[in-house]
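Structural overview for review
Below, each chain spelled out in residue letters.
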Amino acid sequence: MTPYGAPQAPLPIALNVNENTHPVPQDVADDIMDSIALALRDVNRYPDREFTALREGFADYLGHGLTREQIWAANGSNEVLQHVLQAFAGPGRTAFGFAPTYSMYPLLTRATGASWLAGTRASDYSVDASDAAAQVADAAPDVVFLCAPNNPTGTPLGLDVIEAVYDATDGVVVVDEAYFEFAPRDERSALTLLPNRERLVVSRTMSKAFAFAGARVGYLAADPTLIDALRLVRLPYHLSALTQAAASAALRHAPTMLRMVDEIVAQRDRISATVEALGYTPHETWTNFVLFGGVADPATTWQALYDRGVLIRDVGIPNHLRVTAGTEEETTAFLDALASVGSTS
Ligand SMILES: Cc1ncc(COP(=O)(O)O)c(C=O)c1O
């Protein structure tokens, strides 16, 4: 096996791991600092094992009538997904996703001793409801991952696909909405499908739209009985008092934390339009990144950009590269560098 290892090179323009490249606004940072300082006074004691205040904060933020009994959180959505797999996968079991999809799903699955099963997508990376249901029925997995929208392709996923997949399996269905806040405003979340679906899980993260990747906070919503099962596998006190304080404070400022989303979406759309004008083929994206094809030799283009101080991602899809939308200046630097590299297939 190979560990997760996106390069962490100290380049001036880092657009390779789909972070939010806008820092936390100063007024919010000040309030977060105050909350951390308060929490520090009691840091000789273990933190609230049930992270009650934080779960209430997430329930309020998500809406849809959710209560804290339906919320779980951990150190990044990677750990949230790991908890789901530790509870519902394991030796002799299987987890399934439509490839290409988020690279951590197979790694997390195999680390529990379970096997990973890869389904297929159409050539534009979309997934259609009846085909998806047929593939899932055939594979009969214990856990299904539906990345909505999908990383590394950016592809949206219809709620009809989620409903069809749910009905085609007895397993746990995880809808990973890590990038949901970058989708068009009027789009419905899979959270609306939670009532009467006790095997459905919707995971989110503060790492992307919330500009909180370094704090490591992810969360999910599901039926309270499923949440109870996650308590069996979490480490005691897995969310530190400082993390809980920081995340709760950030949630109190959700509108401010999220105010760069529109700007990021504008830069993302600018990337799609410009790479297309340069002769590449961007894929439809509802995320904060763009996957574009038509790259004659991804490794050479990646290196040429690197040499110009711009770090993007070669995700291993032939003739494709992926770039995160940056600030306006970062995006301009990337687009200028790509134009100067200039070789499409
Ligand atoms: C689809 C998807 N899910 C989950 C994650 C994990 O994010 P985190 O652990 O920072 O919450 C990522 C990170 O890039 C992602 O792309």
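Residues numbered from 1 in each chain as written. Predicted model: local features only at pLDDT ≥ 70, side-chain atom pairs only at ≥ 80, totals over all residues. Heavy atoms only, no water.

As a further point, take the domain arrangement of the protein chain. Note: interface size is frequently given as the accessible area lost on complex formation between the parts. The assigned domain composition of the protein chain is domain 1 (13–23 + 259–344) and domain 2 (26–252). When each unit is reduced to the centre of its C-alpha atoms, the spacing between domain 1 and domain 2 is 26 Å. In this assembly, 22 residues from domain 1 lie in contact with 23 residues from domain 2. Roughly 1,800 Å² is buried in total at the junction of domain 1 and domain 2, and carbon and sulfur atoms are behind 61% of that figure. By the criterion of area lost to domain 2, the three top residues of domain 1 are N20, V261 and W286, representing 35% of everything that side buries. Where domain 1 meets domain 2, there are 1 salt bridge. Put simply, R185 and D262 hold a salt bridge, and the shortest N to O gap is 2.9 Å. Inspection of the domain 1/domain 2 interface yields 10 residue pairs in polar contact (both at pLDDT 80 or more). Only helix 10 (261–277) and strand 10 (289–293) provide two or more residues apiece to the side of domain 1 that touches domain 2. Here the side of domain 1 that touches domain 2 gets 5 residues from one element, more than from any other, and that element is helix 10. (Domains from an automatic or database assignment. Contact = heavy atoms within 4.5 Å. Buried area = accessible area lost by both parts, 1.4 Å probe. Salt bridge = Lys/Arg side-chain N within 4 Å of Asp/Glu carboxyl O. Polar contact = N/O pair within 3.5 Å; in protein donor to acceptor, adjacent residues only side chain to side chain. Helix = DSSP H or I, 4+ residues; strand = E, 2+ residues; numbered from the N terminus.)

Mapped onto the elements, E181 comes out in the loop between strand 6 (172–176) and strand 7 (200–205). Reaching out from E181, the side chain makes a polar contact with the side chain of Y61 at a distance of 2.8 Å. The residues touching E181, leaving out its near neighbours within four places in the chain, are Y61, R204, A209, Y219, L258 and V261.

Now for the nonpolar core. Core analysis: the biggest nonpolar cluster contains 103 residues, and M206, F292, I312 and F334 have the highest contact counts within it. Viewed by domain, this core spans two of them, domain 1 (13–23 + 259–344) and domain 2 (26–252), each represented by three or more residues. I312 has contacts with L15, N16, F292, W302, L305, L321, R322, V323 and F334, leaving out every residue within four places of it along the chain. (Core = buried A, V, L, I, M, F, W, Y, C linked by side-chain atoms within 4.5 Å. Buried < 20%, exposed > 50% of the residue type's maximum accessible area, 1.4 Å probe, protein only.)

Before going further, it helps to examine the packing of helix 5 (residues 129–139) against helix 6 (residues 159–167). If you want to describe how two helices pack, look at the angle between their axes and the distance between the axes. Two numbers describe how helix 5 lies on helix 6: the axes approach to 8 Å, and their chain directions differ by 25°. Of the possible angle classes, the one that applies to helix 5 and helix 6 is roughly parallel. Along this stretch, helix 5 crosses helix 6, giving a crossing that reads as right-handed. On the side of helix 5, the interface is formed by A129, A132, A133 and V136, while helix 6 contributes D160, V161, A164 and V165. The class makeup of the residues in the contact of helix 5 with helix 6 is 7 nonpolar, no polar and 1 charged. (Axes fitted to C-alpha atoms, helices over the stretch in contact; angles between N-to-C directions. Parallel < 35°, antiparallel > 145°, perpendicular 65-115°, else oblique. Left-handed = near helix turned anticlockwise from the far one by under 90°. Nonpolar A, V, L, I, M, F, W, Y, C, P; charged D, E, K, R; others polar.)

Where helix 2 (residues 52–62) contacts helix 8 (residues 241–252), the two axes come as close as 9 Å, and the packing angle between them is 25°. Considering the angle they form, helix 2 stands roughly parallel to helix 8. The two elements helix 2 and helix 8 meet at a crossing, and its hand is left-handed. Residue-level inspection shows A53, L54, G57, F58 and Y61 of helix 2 in contact with helix 8, the latter providing Q244, A247, S248 and L251. Residue composition of the contact of helix 2 with helix 8, grouped by class: 6 nonpolar, 3 polar and no charged.

Moving on, we come to the site of the ligand. Taken together, 13 residues are adjacent to the ligand, and S77, D176, Y179, T205 and S207 come closest. Contacts to the ligand include N151, whose side-chain N or O atom sits 2.8 Å from an oxygen atom. Here a nitrogen atom of the ligand and a side-chain polar atom of D176 are 2.6 Å apart. Considering the ligand on its own, with 400 Å² of exposed area, one finds that the protein chains cover 94% of that surface. Per-class residue counts for the shell around the ligand are 4 nonpolar, 6 polar and 3 charged. (Near = heavy atom within 4 Å. Areas by Shrake-Rupley, 256 points an atom, 1.4 Å probe, with all protein chains shown as cover.)

All right, on to the pairing of strand 10 then. With respect to burial, strand 10 is a largely interior element, 5 of its 5 residues being buried. The alternating pattern of strand 10 places F289, L291 and G293 and V290 and F292 on opposite faces, both of which are buried. Bridge count for strand 9 (residues 281–282) against strand 10 is 2 bridges, and the pairing is antiparallel. Paired with T281 across the strands is G293, a residue of strand 10. Between strand 9 and strand 10, which follow one another and run antiparallel, lie 6 residues. Sheet topology places strand 10 next to strand 12 (residues 321–324); 4 bridges connect them, and they run antiparallel. Counterpart to F292 in the pairing with strand 12 is L321. (Pairing = 2+ DSSP bridges.)

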